[in-house]
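Single-letter residue listing:
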Amino acid sequence: MKNFDYLEPTSVAEACALLKQHGSEAKVFAGGAHVTILMKQGLYQPKALVNIKKIAELKRIEFDPAEGLTIGALVTHRELETSALVRDRLPVLCEAEREVANIRVRNMGTVGGNLASGEPLTDLSQIFIALDGKLKITGPSGQRTIPVEELFLDFYTTSLADDEIITQVALPPLPPKSGIEYIRFSSSSVVDKPSAGVAVRLSLDEEAVRVGRIVLGCVGPTPVRARKAEALITGKKLTAELIADAAAMASQECSPSSDLRGSEPYKRAIVGTLVRRALAAVYQKAL
Ligand SMILES: Cc1cc2nc3c(=O)[nH]c(=O)nc-3n(C[C@H](O)[C@H](O)[C@H](O)COP(=O)(O)OP(=O)(O)OC[C@H]3O[C@@H](n4cnc5c(N)ncnc54)[C@H](O)[C@@H]3O)c2cc1C
């Protein structure tokens, strides 16, 4: 590993100023679960590491009835998994976190790092997108807010500028008659990262789907909404036949590659199965 400057700002403004000063030669360091591996492999050779762990305001989880749940970028996987507030408001996140990596990575890795890495084999982004979550991002010239979906551009590539920091994820409250389910599948030979992960959220009007979100993860360079399948179910009561049609459609709306986690047709079949199960489960919950 090459020598680098190690910087520890105590505010978001200070962190952004340091990032601006060092330009593309600096890297944000949060839990380090991802950065450390890439530095050891020589894939990242930053001249400065900006460790944001001392910025207390990024560690909060809060709930407001109008705004919903806000999760600071430095909240760790383990804190999300064990938070009583999250369990009360969005238990799907606690359940999903229980399957993320292993306890060591969950203790280190943060929500902000999970998203900002742009790593495709992850779990949280699918759920955040299904909930219509928004990311708050701060840079030297101020704040901006984007839908979580707009963060992801390609494999390990996000829309963050070099001097920007994700500060929090905001998840709006779900309307009445809503439900969400996240199901991930890992092949038995690879325990750590998912082969596919599907988040489905439905909000109903009587028995018909008013808002349907079907988000597919780990089966392409970025998480993707299965928009054709979403359109197929919107405005309709779900039957077993419609659920099967939507699941088959969703399985064609991703772009999995064949690798050690499974062949492309195998992953599409998994996606179809997960969407079918998730749609059926969420519909029953939301009715
Ligand atoms: C063995 C292993 C198994 C894993 N399994 C899973 C899994 O099953 N599911 C899953 O979802 N994930 C999994 N991961 C990924 C893991 O969750 C992430 O690596 C972790 O969350 C990254 O968080 P971090 O705080 O350690 O990020 P860091 O390593 O500190 O940073 C990651 C990247 O994000 C940038 N960054 C960090 N925070 C911010 C911020 N607030 N604003 C802007 N940029 C920022 C850094 O510059 C860097 O580029 C696994 C990782 C490992 C090593």
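That block above? That's the structure.
Here the structure is a predicted model, which is why all the values come from computation and not from measurement. (Residues numbered from 1 in each chain as written. Predicted model: local features only at pLDDT ≥ 70, side-chain atom pairs only at ≥ 80, totals over all residues. Heavy atoms only, no water.)

### Remarks on the pairing of strand E3 (residues 48-51)
Phase 1: Burial along E3 is two-sided: Ala48 and Val50 facing one way and Leu49 and Asn51 facing the other are all buried.
Phase 2: Relative to E3, strand E1 (residues 5-7) runs parallel, the two sharing 3 bridges. In the strand pairing of E3, Leu7 is matched with Val50.
Phase 3: Summarising the sheet, strand E2 (residues 26-29) and E3 pair through 4 bridges and their orientation is parallel. Among the inter-strand pairings, Phe29 is bridged to a residue of E3, identified as Asn51. (Buried < 20%, exposed > 50% of the residue type's maximum accessible area, 1.4 Å probe, protein only. Helix = DSSP H or I, 4+ residues; strand = E, 2+ residues; numbered from the N terminus. Pairing = 2+ DSSP bridges.)

### A few points about the pattern of salt bridges
Phase 1: Taken as a whole and judged by the stated rule, the model has 18 salt bridges.
Phase 2: Close ionic contact of Arg78 with Glu81 constitutes a salt bridge, the shortest N to O distance being 3.1 Å. In this pair, Arg78 and Glu81 are both assigned in helix H3 (residues 77-82), 3 residues apart and thus about one turn of the helix distant.
Phase 3: A relative accessible area of 9% places Glu81 in the buried class.
Phase 4: Between Glu99 and Arg184 there is a salt bridge, with its nearest N and O atoms 4.0 Å apart. (Salt bridge = Lys/Arg side-chain N within 4 Å of Asp/Glu carboxyl O.)

### With respect to the pairing of strand E6 (residues 134-139)
Phase 1: Bridge analysis of E6 against strand E7 (residues 142-147) gives 6 bridges, and the strand direction is antiparallel. Each bridged residue has a counterpart across the sheet, and for Leu135 the counterpart in E7 is Ile146.
Phase 2: Taken together, E6 and the strand that follows it, E7, pair antiparallel across an intervening segment of 2 residues.
Phase 3: Here E6 runs beside strand E10 (residues 165-171); their pairing, made up of 5 bridges, is antiparallel. Each residue of the ladder has a partner; that of Lys134, found in E10, is Ala170.

### What to know about helix H11 (residues 264-286)
Phase 1: With 23 residues, H11 extends 32 Å between its outermost C-alpha atoms, agreeing within 8% with the 33 Å of an ideal straight helix rising 1.5 Å per residue.
Phase 2: Of the residues making up H11, those classed as buried are Lys267, Arg268, Ile270, Val271, Gly272, Leu274, Val275, Ala278, Leu279, Val282, Tyr283 and Ala286.
Phase 3: Buried residues in H11 make contact with strand E11 (178-185), strand E12 (196-205), strand E13 (208-217), helix H9 (227-233) and helix H10 (240-250). (Expected span 1.5 Å × (residues − 1). Contact = heavy atoms within 4.5 Å.)

### A look at the nonpolar core
Phase 1: In this structure, Leu93 and Phe128 are the most contacted members of the largest nonpolar core, which totals 33 residues.
Phase 2: Counting residues per element, the ones that place at least two in this core are strand E5 (68-72), helix H5 (91-98), helix H7 (111-116), helix H8 (124-130), E6, E10 and E11.
Phase 3: Broken down by element, the residue count for this core peaks at 5 residues, all from H8.
Phase 4: If near-sequence neighbours (up to four positions away) are discounted, Leu93 is found in contact with Leu69, Ile71, Val86, Leu124, Ile127, Phe128 and Leu171.
Phase 5: Among the nonpolar cores identified, the runner-up in size contains 29 residues, and Leu238, Ala247, Val271 and Ala278 belong to it. (Core = buried A, V, L, I, M, F, W, Y, C linked by side-chain atoms within 4.5 Å.)

### Some details on the site of the ligand
Phase 1: In the region of the ligand, 34 residues are neighbours, and Val28, Ala33, Thr110, Asp123 and Asp192 sit closest.
Phase 2: Interatomic distance of 2.7 Å between a backbone N/O atom of Gly31 and an oxygen atom of the ligand.
Phase 3: Here an oxygen atom of the ligand and a backbone polar atom of His34 are 2.8 Å apart.
Phase 4: Its free accessible area being 980 Å², the ligand has 93% of it covered by the protein chains.
Phase 5: It is H7 that provides the largest number of residues to the shell around the ligand, a total of 4 residues. (Near = heavy atom within 4 Å. Polar contact = N/O pair within 3.5 Å; in protein donor to acceptor, adjacent residues only side chain to side chain. Areas by Shrake-Rupley, 256 points an atom, 1.4 Å probe, with all protein chains shown as cover.)

### Describing the sheet that holds E11
Hydrogen bonding along the main chain pairs the strands of a sheet, whether they run parallel or antiparallel.
Phase 1: Spatially, 4 strands are ordered E11-E12-E13-E14 in an open sheet, and the strand pairing comes out antiparallel. Only two strands of the sheet have a single partner each, and these edge strands are E11 and strand E14 (224-225).
Phase 2: Bridge count between E11 and E12: 8 bridges; the pairing is antiparallel. Residue Tyr182 lies in a different strand from E12, and its bridge partner there is Ala199.

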